[in-house]
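# A structural walkthrough
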Amino acid sequence: MNPLASLTIPLGDNVPPFVFDTPVYLVLAVALPLVVWWLRRQRAAQRESRLARYADAAALARLVRGTDTGDGRRTVRLVAAALLIGLALAGPRWGLSRGPMSSRGIDMAIAIDASLSMMAPDDKPNRLERVKQEVRRLRAMSQADRVALIAFAGRSYILTPLTADDGALELFLENLDPSVVGQAGSSIAKAIRQGTELLLASDGSADRALVIMTDGESFDAAEDVEVAAREAGGKGVSLVTVGFGTTKGSTIPVRDGSVVKPKVDDDGNVVVTRYAPALLEKAATAAGGTFIPAESSDKATRIRGALRSLRTARRQVDTREDHVPRVAWFLLPALLLLGYDTWRLVRRSRAEAADTGHASRLGAATVPRAASSLALLVLVLVPSSFVACAGEPDPAALFKEGRVAEAIAAYRSLIAKGDTTSRTVYNLGTAVLGADSLKEAAGLLEAVRRNSDGDVRARARFNAGLAALKMGRTPDFPEADQQLAAARAAYRAYLIERPDYADAKWNYELALQKQPPQRGGGGGGGGGGGNKQNNDQKEQPQSEGGLDQRQADALLNSAAREEKDVQGRKQRQGRVPPGGKDW
């Protein structure tokens, strides 16, 4: 098989946030070393002044052992110890700490209306963003619940299965917008049916709940919605319908190039979308559930109240502490420096006393003085040293070392604690691609492509195409043709932006082939060294069927026209959904 040109490289390092419990104490990290240095200077000056009373400098040089080097080193040790103690007192923290906790929860599917009407700004900033805020608050109140996310418009899609993984839920929630759901319109009945099927297919002893969050503007017949709700209630699913928007309504902003303008219907009239509570209330009544109107404040708390009577199951959940105390990293070296300094001081004092015949008296005076200061420091500061000191691994370094599984776990850990930036999600998708979890990688990378720009978007598009290409070229893969088409689309778009990138041209050429080439096979004069040949192919794909610059330019022009035609067909096909309205 011809080699695939790969760009599975994480985008830089992910550095955990670094904070201090009491940042004001950072002043001590500066003040303490300065004070220690000043005291040492004062002591040295006083010593020189006292010795000058007994003899001149020439005589002192012959009579007194030189101590400049030893005193200088001791000053460095004490200043370093003071600096470390100042940093320790500020309470440095970084990294992620986890701990299991036993709690009880239910199984809950949350169906979110992602139709175009949810972009209406009558519920600030818009209806969909308000839904996301309530979902996050609801999730924060129910850590032990297993939650599934469903997005629906003209049809519904399962975004996540039932899971307690906050990172996965947040990832899909953050990237949810009307473009995720392919068919326009709004069908609450389909969302209820799919949510019910998902909940009934799950194992577990906990009760099941389905939460529908929508503006109620469904283009289903009201009877269909009521029938679906009644079936859900009859199967033991508790239904909660939650409204968003205003009855006064609002226009729907849509972007046309760089211009944002109100949406219009087929007749050229400006569309006004309105919150429709009647249908939501009927659905909740039919299922024996709860209706929470859009006017209600604190919707997440009301949802929890409506589900409080459901039977729960005991589960182990992770509690997370974003910043782990690292006091010991600074305090223990300080103690070692002070201990070493005390040992040196006692040893030198005894040696000097032995030279003058006063070992017992001077040694006895020095040991308690040095030991008492060290004991005081230990009694005050050691209790704070018994804290976790394990650092978080660097996921980018793990990936480069070939420890892909550990890198994936580290990236998931970053996302779980709230780092859902495009760069981090791209890095996770890239690591997952490196582990050959191709479907998951394609989903993550495609989400990054839709929600980022610049180099991150370009890399995400390349690697998403690579994932699709690998799936399409896998023998007997059930969706090979669709995946090859997705790879072609990804590399067409990539090459339109970056037409000189040889790896993308090579992969696009591979995606154009309907079947993977066979291994081995007969003659032909290729000659000369397999490894060099492969490298040459990657840098300049001129093997059988290769592209020169003229062919590449023609291919790109054709690709651009084909992409435009495809998008036009998709828009014409999806313009009028069942019911005649596409919002």
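Residues numbered from 1 in each chain as written. Predicted model: local features only at pLDDT ≥ 70, side-chain atom pairs only at ≥ 80, totals over all residues. Heavy atoms only, no water.

### A look at helix α13 (residues 404–416)
Note the cut-off: Counting from the N terminus, the helices are DSSP H or I runs at least four residues long and the strands are E runs at least two residues long. A helix is expected to reach a length of 1.5 Å times the quantity of its residues less one. Here the term buried applies to any residue with accessible area under 20% of the maximum for its type, exposed to any over 50%, and partly exposed to those in between, with areas from a 1.4 Å probe on protein chains only.
Its 13 residues place the ends of α13 18 Å apart at the C-alpha level, agreeing with the 18 Å of an ideal helix rising 1.5 Å per residue. When we look at burial in α13, the residues that qualify are V404, A407, I408, A410, Y411, S413, L414, I415 and A416. The positive-phi residue at the C-terminal boundary of α13 is G418, with phi of around 115°.

### Here's the deal with the pattern of salt bridges
When the charged atoms of two side chains lie near each other, side chains of opposite charge can form a pair. Test applied: Salt bridges, as used here, are contacts in which a Lys or Arg side-chain nitrogen is within 4 Å of a carboxyl oxygen on Asp or Glu.
Taken as a whole and judged by the stated rule, the model has 17 salt bridges. E231 is the partner of R193 in a salt bridge, and the nearest nitrogen-oxygen pair spans 4.0 Å. Placement of the pair is R193 in helix α6 (residues 188–200) and E231 in helix α7 (residues 222–234), with a sequence separation of 38 residues. Overlapping salt bridges, with partners in common, bring together R74, R77 and D341 in one network.

### Digging into the packing of helix α14 (residues 422–434) against helix α15 (residues 438–450)
Threshold: Angles run from 0 to 180 degrees between N-to-C directions of axes, and those axes are lines fitted to C-alpha atoms, restricted for helices to the stretch in contact. For classification, angles of less than 35 degrees are called roughly parallel, those exceeding 145 degrees roughly antiparallel, those between 65 and 115 degrees roughly perpendicular, and all remaining angles oblique. Take the far helix as your reference; a near helix turned counterclockwise from it by less than a right angle gives a left-handed crossing, and one turned clockwise gives a right-handed crossing. The contact definition used throughout considers only heavy atoms, calling two residues in contact when any of these lie within 4.5 Å. Lys, Arg, Asp and Glu make up the charged group, whereas Ala, Val, Leu, Ile, Met, Phe, Trp, Tyr, Cys and Pro make up the nonpolar group; the residues left over, Gly among them, are polar.
Closest axis-to-axis distance for the α14/α15 pair is 8 Å, and the angle between their directions is 160°. Accordingly, the angle class assigned to the pair α14 and α15 is roughly antiparallel. The handedness of the crossing between α14 and α15 is left-handed. On α15, the residues touching S422, V425, Y426, L428, G429, T430, V432 and L433 of α14 are L438, E440, A441, L444, L445 and V448. Tallied by class, residues from the contact of α14 with α15 come to 10 nonpolar, three polar and one charged.

### Quick look at the sheet that holds strand β15 (residues 324–325)
Heads up, the rule is: The pairing criterion for strands is at least two bridges between them, as found by DSSP.
Reading across the sheet, the three strands line up as β1-β2-β15 and stay open at both edges, with antiparallel pairing between neighbours. The open sheet is flanked by β1 (18–20) and β15, the only strands paired with a single partner.

### Some remarks on the sheet that holds strand β7 (residues 208–214)
Reading across from one edge, β6-β5-β4-β7-β8-β13 is the order of the six strands in this open sheet, with mixed pairing throughout. The open sheet has two edge strands with one neighbour each: β6 (156–163) and β13 (290–292). Averaged over all adjacent pairs, the angle separating strand axes in this sheet is 15°, with direction ignored. By the bridge criterion, seven bridges tie strand β4 (residues 107–113) to strand β5 (residues 146–152) in an arrangement that is parallel.

### Structural notes on the pairing of strand β10 (residues 253–256)
Of the pairings in the sheet, the one linking β10 to strand β11 (residues 259–262) comprises four bridges and is antiparallel in character. Residue pairing across strands places R255 opposite V260, the latter belonging to β11. Counting the residues between successive antiparallel strands, the hairpin from β10 to β11 contains two residues, one of them, G257, with a positive phi of roughly 70°.

### Structural notes on the confidence of the model for the protein
Note the threshold: As a per-residue measure, pLDDT tells how confident the predictor is, with possible values from 0 to 100.
Looking at the protein, pLDDT values average 76 and 72% of them are 70 or higher. Across residues 358–372, where pLDDT falls below 50, the model places 17 contacts with residues more than four positions away in sequence or in other chains. Overall, residues 566–576 carries pLDDT values under 50, and its contacts beyond four positions in sequence, including any with other chains, amount to four contacts.

### Some remarks on a nonpolar patch on the surface
What counts, and what does not: Two distance rules govern patches: like charges are joined within 9 Å, and nonpolar side chains (Val, Leu, Ile, Met, Phe, Trp, Tyr) within 5 Å, applied only to residues with over 30% relative accessible area and no salt bridge. Only the protein chains shown count as cover for residues, and all accessible areas are computed by the Shrake-Rupley method using a 1.4 Å probe.
Residues V24, Y25, V27 and L89 make up a contiguous nonpolar surface patch of about 370 Å² in total accessible area. Along the chain, the position of L89 falls in helix α3 (residues 68–89). On the accessibility criterion, L89 (33% relative accessible area) is partly exposed.

### Comments concerning the nonpolar core
Inside soluble globular proteins, nonpolar side chains tend to come together where they are buried. This is how it is decided: By convention a nonpolar core is built from buried Ala, Val, Leu, Ile, Met, Phe, Trp, Tyr and Cys residues, the set being connected through side-chain atoms within 4.5 Å.
By size, the foremost hydrophobic cluster in this structure holds 43 residues, and its most contacted members are Y411, L428, L433, L469 and Y491. At the level of elements, α12 (395–400), α13, α14, α15, α16 (454–472), α17 (480–497) and α18 (502–512) are the ones that each hand at least two residues to this core. A total of 10 residues in this core trace back to one element, the largest contributor, which is α16. Among the nonpolar cores identified, the runner-up in size contains 30 residues, and M108, M118, A153 and V240 belong to it.

### Looking at the pairing of β5
Applied cut-off: Whether a crossover is right-handed depends on one test, that the path from the first strand over the helix to the second runs clockwise when the strands point away from the viewer.
Buried residues dominate β5, accounting for six of its seven residues. Since β4 and β5 lie parallel, the crossover through helix α4 (residues 127–141) that links them has a hand, and here it is right-handed. Bridge count between β5 and β6: five bridges; the pairing is antiparallel. Of the residues in β6, the one forming a bridge with V147 is T163. What sits between the antiparallel neighbours β5 and β6 is a turn of three residues.

### What about the side chain of R127?
Inclusion rule: N or O atoms closer than or at 3.5 Å make up a polar contact, with two conditions inside protein: a donor-capable atom paired with an acceptor-capable one, and, for residues adjacent in sequence, both atoms drawn from side chains.
Of note, R127 is situated in helix α4. For R127, a relative accessible area of 0% corresponds to the buried category. Side-chain polar atoms of R127 contact the side chain of T273, separated by 3.1 Å.

### Here's the deal with the packing of α7 against helix α8 (residues 277–287)
Where α7 meets α8, the closest approach of the two axes is 7 Å, and the angle between their N-to-C directions is 30°. Crossing angle aside, the handedness with which α7 passes α8 is right-handed. Residue-level inspection shows A222, V225, E226, A229, R230 and G233 of α7 in contact with α8, the latter providing L279, K282, A283, A286 and A287.

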